[in-house]
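# Summary of structural features
In case you want the letters, here they are:
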Amino acid sequence: KYYTFSAGSGVIWGVGDNPCTQGSDITSVGGCEAFDVPEVDNSRYDNQLAYELLMLSTTAYYDRPQDCMDHMKQNVPGNIKGFHIEEIVIRSCEFIGFLNGRCAGILATTHEKELIAISYRGTTEFQQLVDEVLTVLGLPKKRLGRGNVQQYFNNAHLKLKDCLFDRVKELVDKYPNYKVVVSGHSLGGAIASIAAYELVSERYVSSDQIMLYTYGMPRVGDKKYALNHDRTVPESWRLVHYRDCVPHFPTCPGSCTTSGDDSPFQHRSEVFFDARYMTKDTNYRTCHDNEDGSCSHTYQGILLTPWNANECGESHKLYYNIPVGTYCENNLGPSRRKRSLTDIHG
């Protein structure tokens, strides 16, 4: 159960059997309003779809995603032959002006699966990573719904939102029975989280029409955002590979589960691949409690230590044994022009 209730300081959120939060000025508990977050059905997680969406997320790192997709169709087992690129939107998304960075989102359809798919690009350059880190550490979070999210992630989403959401609306109107699935790796996963939430909250689609699959996604916002996301996007799957430490950033002050409402917090549900070498056939386990200690938190003691740096990097880069951020460029050559901050639409 999650709760909202009135107190002296306004509307308060709580979790568990006791809806009170520390320091709240409760005048009456009789008016507490409880609401249920939908139960998670393990059978709804689709590992084949997760595999194909990871490949779609891989093409989002390339300025010519259809070219990369065509290459993957010929060279990667269990390929993504059903997807067709409808749109690519690329924008400069630096937050600190002198630190260049580009964000991208691609829109695709597959009539075989009756899906409209959006996938977002992760971090591509060191300067962009510095920009992200500095804004996460130095700037307050941005209000979104009942909670707050990191400003860099929200800013990147807003740079891409109008063009992509307008096209999503066109496609949803054209194919009203299709589901909308949003995906992304790393930074792309963080943008995808916000995009999925807003697609529902702004009524482009309903909660039962949307799915979210992310890979190595950092903590997007605080506990209030995460709990509200659970309710808004119930079919949400966060894939975490082995000792990938990125899903454990930004760090919590102490234990994430007992920290305050403003603490960084992951929304559910985690799909954990506890194997150094991850393929489509690797065993996985699903954990539905937020920040569940039986999934990637198994390695909490070593994830954020210097001696895990190499394994963190390898685990983060390789999902289903595909080097997500570099596959397209390694196989097809650079696609980004020297005018690297030129906007592309369509």
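Because the structure is a prediction, the values reported are computed rather than measured.

### Focus on the packing of helix α5 (residues 187-201) against helix α6 (residues 223-232)
Where α5 meets α6, the closest approach of the two axes is 10 Å, and the angle between their N-to-C directions is 55°. Regarding the angle of α5 to α6, the classification is oblique. The two elements α5 and α6 cross, and the hand of that crossing is left-handed. Contacts between α5 and α6 involve S193, I194, Y197, V200 and S201 on the former and, on the latter, Y225, N228, H229 and T232. Here the contact of α5 with α6 is built from residues that sort into four nonpolar, five polar and no charged.

### Topic: helix α8 (residues 309-317)
For α8, the set of buried residues is E311, C312, S315 and H316. For α8, the angular spread of buried residues about the axis comes to 125°, placing them on one side. As for α8, its buried residues are in contact with β9 (179-185), β12 (236-241) and β16 (318-319).

### Concerning the side chain of R121
You can see R121 is positioned in the loop between β6 (115-120) and α3 (126-138). Side chain to side chain, R121 and D63 meet in a polar contact 2.8 Å long.

### Things to note about unusual backbone geometry
Geometrically, the link from F249 to P250 is a cis peptide bond, its omega value of -15° lying close to zero. Along the chain, the position of P250 falls in the loop between β12 and β13 (264-265). Residue S269 is bonded to the preceding R268 through a cis peptide linkage, with omega at -5°. Mapped onto the fold, S269 is located in the loop between β13 and β14 (270-273). The backbone of E291 shows a phi angle near 55°, a positive value even though the residue is not glycine.

### Some details on the state of the cysteines
All chains considered together, the criterion is met by five disulfides. Two residues share a disulfide in this structure: C245 and C312, whose sulfurs sit 2.1 Å from each other. The chirality of the disulfide connecting C245 with C312 is left-handed, given an S-S dihedral of about -70°. Here C245 is found in the loop between β12 and β13, whereas its partner C312 is found in helix α8, with 67 residues between them in sequence.

What counts and what doesn't
- Residues numbered from 1 in each chain as written.
- Predicted model: local features only at pLDDT ≥ 70, side-chain atom pairs only at ≥ 80, totals over all residues.
- Heavy atoms only, no water.
- Axes fitted to C-alpha atoms, helices over the stretch in contact; angles between N-to-C directions.
- Helix = DSSP H or I, 4+ residues; strand = E, 2+ residues; numbered from the N terminus.
- Parallel < 35°, antiparallel > 145°, perpendicular 65-115°, else oblique.
- Left-handed = near helix turned anticlockwise from the far one by under 90°.
- Contact = heavy atoms within 4.5 Å.
- Nonpolar A, V, L, I, M, F, W, Y, C, P; charged D, E, K, R; others polar.
- Buried < 20%, exposed > 50% of the residue type's maximum accessible area, 1.4 Å probe, protein only.
- Arc of directions from axis to C-beta.
- Polar contact = N/O pair within 3.5 Å; in protein donor to acceptor, adjacent residues only side chain to side chain.
- Disulfide = S-S within 2.5 Å.

Functional significance is not addressed by these values, which are geometric in nature.
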